[in-house]
Amino acid sequence: MSKEQQDFFSRPQEEQDAFLSQTWCNECMEADLGMTDPEEYILDGNRYVEGKCKRCGTSIVTELVDEDI
Ligand SMILES: [Zn+2]
């Protein structure tokens, strides 16, 4: 499996803001805490944004579906 890096920061600002705020953290068990250090990539044909939970720092991954983009 190879990760294909994408440039998250080439997205429009409002999309970046949306992805960075609409999160789910498995540690906090809470939605929309926000994330930092976003990294976008494609893995096995699926697109993901990975970052760190703003509250606890756990790595969180959001899978992007076409409707979101
Ligand atoms: Zn958290």
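Everything numeric here is computed off the predicted structure, so don't read it as measured data. Every residue gets a number counted from 1 within its own chain, in the order that chain's sequence is written. Thresholds applied to this predicted model are a pLDDT of at least 70 for local features of residues and 80 or more for the giving and counting of side-chain atom pairs; totals over whole chains, interfaces and linings are not thresholded and use all residues. With hydrogens and water set aside, each side-chain value is computed from the structure's full complement of heavy atoms.

(A) Expanded view of the overall build of the protein. Within the protein one finds 1 helix and 6 strands. Only DSSP runs of H or I with at least four residues qualify as helices, and only runs of E with at least two residues qualify as strands; both kinds are numbered from the N terminus onward. Moving toward the C terminus, one meets the helices and strands of the protein in the order β-α-β-β-β-β-β. In terms of overall size, the protein behaves like a compact globule, its C-alpha atoms giving a radius of gyration of 12 Å where 69 residues would be expected to give roughly 11 Å. Principal-axis analysis of the C-alpha atoms gives the protein an extent of 30 × 30 × 20 Å. Contact definition: two residues touch when any of their heavy atoms are within 4.5 Å. Considering only contacts within the protein whose residues lie at least 6 apart along the sequence, 39% involve residues at least 24 apart. In this description, accessible areas are obtained by the Shrake-Rupley approach with a 1.4 Å probe, and a residue is regarded as covered only by the protein chains that are shown. Surface accessibility of the protein: about 4,600 Å² in total, with carbon and sulfur atoms responsible for 44%. Charge assignment in this entry is limited to Lys and Arg as positive and Asp and Glu as negative, and neither His nor the chain termini are counted. To locate a charge, take NZ of a lysine, CZ of an arginine, CG of an aspartate or CD of a glutamate. One way to put it: in the protein the 6 positive side-chain charges average out to a point 6 Å from where the 17 negative ones average out. Our radius of gyration looks at C-alpha atoms and nothing else; its globule reference is 2.2 Å times the residue count to the power 0.38.

(B) Quick peek at the side chain of Glu40. Its location among the elements puts Glu40 in strand β4 (residues 35–43). Burial status follows relative accessibility: with a 1.4 Å probe on protein chains alone, a residue under 20% of its type maximum counts as buried, one over 50% as exposed, and anything between as partly exposed. Overall, Glu40 belongs to the buried group, its relative accessible area being 2%. Here the side chain of Glu40 touches Arg11 through a polar contact of 2.8 Å, side chain to side chain. Residues contacting Glu40, with those up to four places away along its chain left out, are Glu4, Gln5, Gln6, Asp7, Phe8, Arg11, Arg47, Tyr48, Val49 and Leu64. Think of a polar contact as two N or O atoms within 3.5 Å of one another; within protein, one of them needs to be a possible hydrogen donor and the other a possible acceptor, and neighboring residues in sequence only count if both atoms come from side chains.

(C) Region of the structure containing the pairing of β4. Here strand β1 (residues 3–6) pairs with β4 via 4 bridges, running antiparallel. Note that in β4 the partner of Lys3 across the bridge is Leu43. With 7 bridges joining them, β4 and strand β5 (residues 46–53) adopt antiparallel strand pairing. Within the sheet, the bridge partner assigned to Tyr41 lies in β5 and is Tyr48. Strand pairing requires that DSSP identify at least two bridges connecting the strands.

(D) Layout of the coordination of the zinc ion. Looking at the metal site, the zinc ion is ligated by Cys25 (SG), Cys28 (SG), Cys53 (SG) and Cys56 (SG), spaced 2.2 to 2.4 Å from it. For the zinc ion, the 4 donor atoms in the first shell make angles of 107 to 116° at the metal, a pattern classed as tetrahedral. Coordinating donors are taken as N, O and S atoms within 2.8 Å of the metal, stretched to 3.2 Å for Na, K and Ca; because water is absent from the atoms, sites can appear incomplete. When four donors show all angles between 85 and 135 degrees the site is tetrahedral, when four or six donors have opposite pairs over 155 degrees and all other angles between 65 and 115 it is square planar or octahedral respectively, and in every other case it is irregular.

(E) Expanded view of the packing of aromatic side chains. Note on ring pairs: Phe, Tyr and Trp rings are taken, using the six-membered ring of Trp, and paired if centres are within 6.5 Å. Classes follow the plane angle, with under 30 degrees stacked, over 60 edge-to-face and the rest tilted. If you walk through the whole model with that rule in mind, you get 3 aromatic pairs. Ring centres 5.6 Å apart and planes at 90° place the aromatic pair Phe8 and Phe9 in the edge-to-face group. Take Phe8: its relative accessible area is 2%, and that puts it in the buried class. Overall, the relative accessible area of 55% leaves Phe9 in the exposed class. Each ring, one from Phe8 and one from Phe19, has its centre 6.3 Å from the other, and the planes form 55°; the classification is tilted. Of this pair, Phe8 sits in the loop between β1 and α1 (13–21) while Phe19 is found in helix α1, placing the two residues 11 residues apart along the sequence. When its relative accessible area of 9% is taken as the criterion, Phe19 is described as buried. Linked through ring pairs, Phe8, Phe9 and Phe19 together constitute an aromatic cluster. By definition, being over a ring means that NZ of Lys or CZ of Arg is both within 6 Å of the ring centre and within 35 degrees of the ring normal. In this structure, Lys3 packs its charged tip against the face of Tyr41, placed 4.3 Å from the ring centre.

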